[in-house]
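Chain residues, written in single-letter form:
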Amino acid sequence: MGAVTIATIALTTEPGRPGGAGRRARGRPAAAAAIAAAAALLLAGCSGGGSSPPSATAVASTSPSGAGHAKASRARPPGIAAVSTHGALVLLNPVTGAVSKTLVPSGVVGDEISAAPDGSAIFYTTHTADCTDQVKSAPVSGGGTVTIANGLLPAVSPDGTKLALAREPTASPGCTPSAQNLTSQYQVVVHTLSSGAEKVLPMLPAAQSSGLPAPISHLSWAADNTRLAVSISSVQDNEGWNLVIVNTAQASAYEDGPGTSSVPVTGSPKARDSYYREGVFMPGGGLFVSRACCAGEPVKNISRLMWEVNTSGTLTHQVALGFASLEHTSLAVTKSGKWLLYLAGHDLYVSHNGAMPVKVTSGLIAATWR
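Values in this document were obtained by computation on a predicted structure and should not be read as measured data.

Novice: Is there a simple way to think about the state of the cysteines in this case?
Specialist: Here, disulfide denotes a covalent bond that connects the sulfur atoms of two cysteines. One pass over the full model with this rule turns up one disulfide. The side chain of Cys293 participates in a disulfide bridge whose partner is Cys294; the two sulfur atoms lie 2.0 Å from each other. What sets the handedness of the Cys293 and Cys294 disulfide is the S-S torsion sign, and at about 50 degrees it is right-handed. The same class applies to Cys293 and to Cys294, which are both buried.

Here is the structure:
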């Protein structure tokens, strides 16, 4: 694969309506072929059928005003760390997607890994034989790994002083969580790296009394080193998905209560039935989210939208129309906010300046910038 190139196109759509009426191409006649190709991808990406996805996620690069800000770019992406479907923690060539270095050959799980702010180490999760999750770090320069704490889904704060992680029953094969006090086993933990001191944010007792856990699926720090975006997967029967902003200095629980606020789902299609599959902070305080439709049973996968939103859920930029039949996870944003990445199924996509995402490689269960 050659240099990662963001296609030189400008597509505008009615905001929040994938493939909606009013889509028009603007630009030089020489761009017509690229626009036609993108339109074909748009239809394929929204089909939700059983066929294999095309080589790039279909995109409508728009802002709510209707003015697209996708730009042509041949900029080289920053470094990428990833976890293969075989459980290897690796560094990738960000242009070709080829493995440039293997840090841990096996045993690593997804969907979240995190890089130290200076890129010197990658934090990751393994399962132990006794069904315990452990967060470890691997130096990029090589050498032995370090066990940090019990837990999973590591997220290093932007200033490098704290590590957010989740503690919850493992989903590893052969591991059966204890049914006794099940909901009390779900926690978000803020671990101070220098001292090992921890602040534990459990579910609220009122929520625990229902007997239904609120599983944590992703964690992301804001640039202020205080707020966490906590992605919560379905509580029961594909219901209960949530994206909660937690002020770690004020909150005493991760799901509700003082110091927490849920990000509302807005826009189309079916805002009432849609949900955030995952969300991560951007440096300006907004969020990069995977918006899915629809929750409930039976499952109806009709829409996957990659959006930039504010903390009130208002769309600020639509990055991509995803593949309705695939999970879109492992979202990550660079410190500058100029580069986004995510996995669609096991495929890695990268977007520069909010433009059309490009498929870089396949066979992954986690990825992040470093």
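Novice: What am I meant to see in the packing of aromatic side chains here?
Specialist: Each pair of aromatic rings is reported with the distance of its centres and the angle of its planes. Across all of its chains, the model carries five aromatic pairs by this definition. Measuring from centroid to centroid gives 4.5 Å for Trp241 and Tyr275, while their planes differ by 20 degrees, and the two rings are stacked. One end of the pair, Trp241, is in the loop between β15 (227-232) and β16 (242-247); the other, Tyr275, is in strand β18 (residues 275-281), and 34 residues separate them in sequence. By relative accessible area, which is 16% here, Trp241 ends up buried. A centroid spacing of 5.8 Å and a plane angle of 20 degrees characterise the contact between Tyr342 and Tyr349, whose relative ring orientation is stacked.

Novice: Any chance you could explain the pattern of salt bridges here in plain terms?
Specialist: Pairing is possible between side chains of opposite charge, provided their charged atoms come close. Within the structure shown, the criterion is met by five salt bridges. Taking the shortest distance from any N to any O, the salt bridge between Glu327 and Arg277 comes out at 2.7 Å. Taken together, the positions of Glu327 in the loop between β21 (315-321) and β22 (328-333) and Arg277 in strand β18 put the pair 50 residues apart, joining distant regions of the chain. A salt bridge links Asp347 to Lys359; its shortest N-O distance comes to 3.7 Å. Separated by twelve residues along the polypeptide, Asp347 in strand β24 (residues 347-352) and Lys359 in strand β25 (residues 358-361) bring together distant segments of the chain. Take Asp347: its relative accessible area is 14%, and that puts it in the buried class. The class for Lys359 is partly exposed, based on a relative accessible area of 25%. Through salt bridges with shared partners, one network takes in Arg277, Arg304 and Glu327.

Novice: Help me understand the sheet that holds strand β6 (residues 108-115) in this model?
Specialist: Sheet strands associate in pairs through backbone hydrogen bonding, adopting either a parallel or an antiparallel arrangement. In space, the four strands of this open sheet follow the order β6-β7-β8-β9, with antiparallel pairing throughout. One side of each edge strand has no neighbouring strand; the edge strands of this open sheet are β6 and β9 (146-150). Each adjacent strand pair in this sheet contributes to an overall mean axis angle of 25 degrees, direction not counted.

Novice: Honestly, unusual backbone geometry in this entry has me stumped. Any pointers?
Specialist: Both trends apply: most residues other than glycine have a negative phi, and most peptide bonds are in trans. The omega torsion of the bond from Ser268 to Pro269 falls at 0 degrees, within 30 degrees of zero and hence cis. Tracing the backbone shows Pro269 in the loop between β17 (260-262) and β18. With an omega of 15 degrees, the peptide bond between Cys293 and Cys294 qualifies as cis. When you line up the elements, Cys294 lands in the loop between β19 (287-293) and β20 (303-309). For Lys270, which is not glycine, the phi dihedral falls at a positive 45 degrees. One can find Lys270 in the loop between β17 and β18.

What counts and how
Residues numbered from 1 in each chain as written. Predicted model: local features only at pLDDT ≥ 70, side-chain atom pairs only at ≥ 80, totals over all residues. Heavy atoms only, no water. Disulfide = S-S within 2.5 Å. Buried < 20%, exposed > 50% of the residue type's maximum accessible area, 1.4 Å probe, protein only. Phe/Tyr/Trp six-rings, centres within 6.5 Å; stacked < 30°, edge-to-face > 60°. Helix = DSSP H or I, 4+ residues; strand = E, 2+ residues; numbered from the N terminus. Salt bridge = Lys/Arg side-chain N within 4 Å of Asp/Glu carboxyl O. Pairing = 2+ DSSP bridges. Axes fitted to C-alpha atoms, helices over the stretch in contact; angles between N-to-C directions.

Don't take any of this as a statement about function, it's just geometry.
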